[in-house]
Amino acid sequence: STFTSSQPSYDAFIVGASDEMLNAFSHQERMVLPTIFQYARSMNYKTWYLDGQMKTYWGGIEDDKQYIDETFTLADLDPDRIEDYQKNNGKTLTDENEREGLKQWDIDLVLAEKIRNIFESSSGNFVFVYKRGIHFPYEKNYPAENAVWQPVYKFTSQWETPPAEAHAGVTNSYDNALLYGTDPFFRKLDLDRKLPNGTVIVYTSDHGETFASNGRAGHGGDTIDEASIPLFIIGLDRRKTERVAQAHHSNIFPTLLDLMNFPIEGRNALYAPSLFDPAMNTLRPRYYHSGDGRRYLFDN
C-alpha cells in the first residue's frame, strides 16, 4: 500500500500518486492532480462513490465531489448510527446483537447488493467502493456463530492494545472477520458467472494490520504487515495482465485508465506502470509510508 492508514492511502490512490510523485510534490500539489473520477467522467462513465465507513466524503478535497455523479454512504445506509469511537472516547463498546439499525457485519452486504444492481442494470459505470472492511475490535465484524477459529479475543475498548498472550485470539478474530467480510460479500455479487455489461472488479485494501507488533495494534504504523495488502482483478475476460513481479497501489490507477481505454498521450502525469505494461516484469524498489508520512522500503 502507499500508506498504512486510510485517508492518505485514499488521497494518493485517487490521483495515482507514484513514489516519485509522493517525493516530488507536496500534499497540496498532489491533491490538485486529476482524480480517477475526472478521468472516468471524461470517458463518459457515470461515476459513483459508495462508502460503508463514513457518512460524508472524507478523503481527497472538496473539489473532487463535482466529478462524482452519485454517492451512497453510511448516511444512506444507517443515518442514525453512532460509532463506538464517538462514545466515551471509544471506551464503551456496543453489543452488535443489540444494536438498532444495521449490524456492523451487514453493512458490506448491503453495499454488495447496491453494486450488483448497478452493474446488472446498466453499463458505462465507474464505481468506487469503500467497504466497511475489518477494523478492531475485530469480533464486531462477524456474527458470533460464524467464528470458525477459536479462541477469539474480545476487546474491552475501541483503542485497546491487547496483551502479548492474547495474540492467537486476536488473529483468530481477525481471520473470522476476514472470512465473513469477503466470502458472503462476493457471493452477493454472484461471481460464478460471466459478469454482465463488461464489468471488471479490481479489489484491494487501503492498508493492512499489525497484531500487537512493536507493542501496538491496528494500523498507521511502520510495520511490513500494515503495508501488505491483497490485489486481484475479476472479469478481465480476454485481456491478460503481465506476469507481475511486484505490485503497488500506484499500479492500480494506470490499470484503470487502460481498462477505460484512456489514451496514453492524454494522461496528465507520469504514472507508475499499468498491470498490463511489460515494465511490470521488472523488479523495482517498493516503498510505503506510515500514517505520519515517514517512508520505508517494503522489499528487503
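So, here's what we can say about the structure.

**Overview of helix H7 (residues 167–188)**
Argument step 1. Across its 22 residues, H7 extends 32 Å between first and last C-alpha, which sits within 8% of the 32 Å expected from 1.5 Å per residue.
Argument step 2. Every buried residue of H7 is accounted for by Gly169, Val170, Thr171, Asn172, Ser173, Tyr174, Asn176, Ala177, Tyr180, Gly181, Phe185 and Phe186.
Argument step 3. Here the buried face of H7 lies against helix H6 (107–121), strand E4 (201–204), strand E5 (210–211) and strand E7 (231–234).

**As for the pattern of salt bridges**
Argument step 1. In the structure shown here, the tally under the stated rule is 22 salt bridges.
Argument step 2. In this structure, Arg132 engages Glu83 in a salt bridge whose closest nitrogen and oxygen atoms are separated by 2.8 Å. Here Arg132 is found in the loop between strand E3 (125–130) and H7, whereas its partner Glu83 is found in the loop between helix H5 (74–77) and H6, with 49 residues between them in sequence.
Argument step 3. Given a relative accessible area of 9%, Arg132 falls into the buried group.
Argument step 4. Across the pair Arg116 and Glu120 runs a salt bridge, and its minimum N-O distance is 3.0 Å.

**Concerning the environment of Ala144**
Argument step 1. One can find Ala144 in the loop between E3 and H7.
Argument step 2. Residue classification places Ala144 among the exposed residues on the basis of a relative accessible area of 58%.
Argument step 3. For the pair Ala144 and Lys46, spaced 98 residues apart in sequence, the C-alpha separation works out to 39 Å.

**Quick look at the packing of H6 against H7**
Argument step 1. As a packed pair, H6 and H7 sit with axes 9 Å apart at the nearest point and diverge in direction by 25°. As summarised for this structure, H6 and H7 are arranged roughly parallel, according to the angle between their axes. Of the two elements, H6 crosses H7, and the hand of that crossing is right-handed. From H6, Asp108, Leu109, Ala112, Glu113, Ile115 and Arg116 reach across to H7, where they touch Tyr180, Pro184, Phe185 and Lys188.
Argument step 2. Along the lines of polarity and charge, the residues of the contact of H6 with H7 split into six nonpolar, no polar and four charged.

**A closer look at unusual backbone geometry**
Argument step 1. In this model, Phe136 is joined to Pro137 through a cis peptide bond whose omega is 0°.
Argument step 2. Looking at the secondary structure, you find Pro137 in the loop between E3 and H7.
Argument step 3. The phi dihedral of Asn44 falls on the positive side, at around 70°, and the residue is not glycine.
Argument step 4. Within the secondary structure layout, Asn44 lies in the loop between helix H4 (36–42) and strand E1 (46–51).
Argument step 5. On the basis of relative accessible area, Asn44 is assigned to the exposed category, the value being 71%.
Argument step 6. Of note, Asp237 is a non-glycine position whose phi angle comes to about 60°, a positive value.

**Structural notes on the nonpolar core**
Argument step 1. Core analysis: the biggest nonpolar cluster contains 29 residues, and Ile14, Ile36, Phe37 and Tyr49 have the highest contact counts within it.
Argument step 2. In this view, Ile36 contacts Ile14, Phe126, Phe253, Leu256, Leu257 and Met260; residues no more than four positions away in its chain are not counted.

**Focus on a nonpolar patch on the surface**
Argument step 1. A surface patch of nonpolar side chains, about 270 Å² in accessible area, is lined by Val148, Trp149 and Leu179.
Argument step 2. Along the chain, the position of Val148 falls in the loop between E3 and H7.
Argument step 3. On the basis of relative accessible area, Val148 is assigned to the exposed category, the value being 53%.

The rules behind each value
Here, residues in each chain are numbered from 1, in the same order as that chain's written sequence. Since the coordinates come from a predicted model, pLDDT governs what is reported: local features require at least 70, and pairs of side-chain atoms require 80 or more to be given and counted, while whole-chain, interface and lining totals use all residues. Only hydrogens and water are removed before side-chain values are computed, so all heavy atoms of the structure are retained for them. Secondary structure is summarised from DSSP: a helix means a run of H or I of at least four residues, a strand means a run of E of at least two, and numbering begins at the N terminus for each. Multiply 1.5 Å by the residue count of a helix minus one, and that product is the helix's expected span. Burial classes: relative accessible area under 20% of the type maximum marks a residue as buried, over 50% as exposed, and values in between as partly exposed (1.4 Å probe, protein chains only). Only heavy atoms enter the contact rule, under which two residues are in contact if any of them lie within 4.5 Å. The salt bridge criterion pairs a side-chain nitrogen of Lys or Arg with a carboxyl oxygen of Asp or Glu, the two atoms within 4 Å. To get an axis, fit a line to the C-alpha atoms, keeping to the stretch in contact for a helix; angles then go from 0 to 180 degrees between the N-to-C directions. Under this scheme an angle from 65 to 115 degrees is roughly perpendicular, one under 35 degrees roughly parallel, and one over 145 degrees roughly antiparallel; angles in between are oblique. Here a crossing is taken to be left-handed if its near helix is turned anticlockwise relative to the far helix by less than a right angle, and right-handed if that turn runs clockwise. Asp, Glu, Lys and Arg are counted as charged, while Ala, Val, Leu, Ile, Met, Phe, Trp, Tyr, Cys and Pro are counted as nonpolar; the rest, among them Gly, fall into the polar class. Buried Ala, Val, Leu, Ile, Met, Phe, Trp, Tyr and Cys residues that are joined via side-chain atoms within 4.5 Å together make up what is termed a nonpolar core. The residues that make up patches have over 30% relative accessible area and no salt bridge, and they are joined within 9 Å when like-charged or within 5 Å when they are Val, Leu, Ile, Met, Phe, Trp or Tyr. Method for areas: the Shrake-Rupley scheme with a 1.4 Å probe, in which residue coverage is limited to the protein chains shown.

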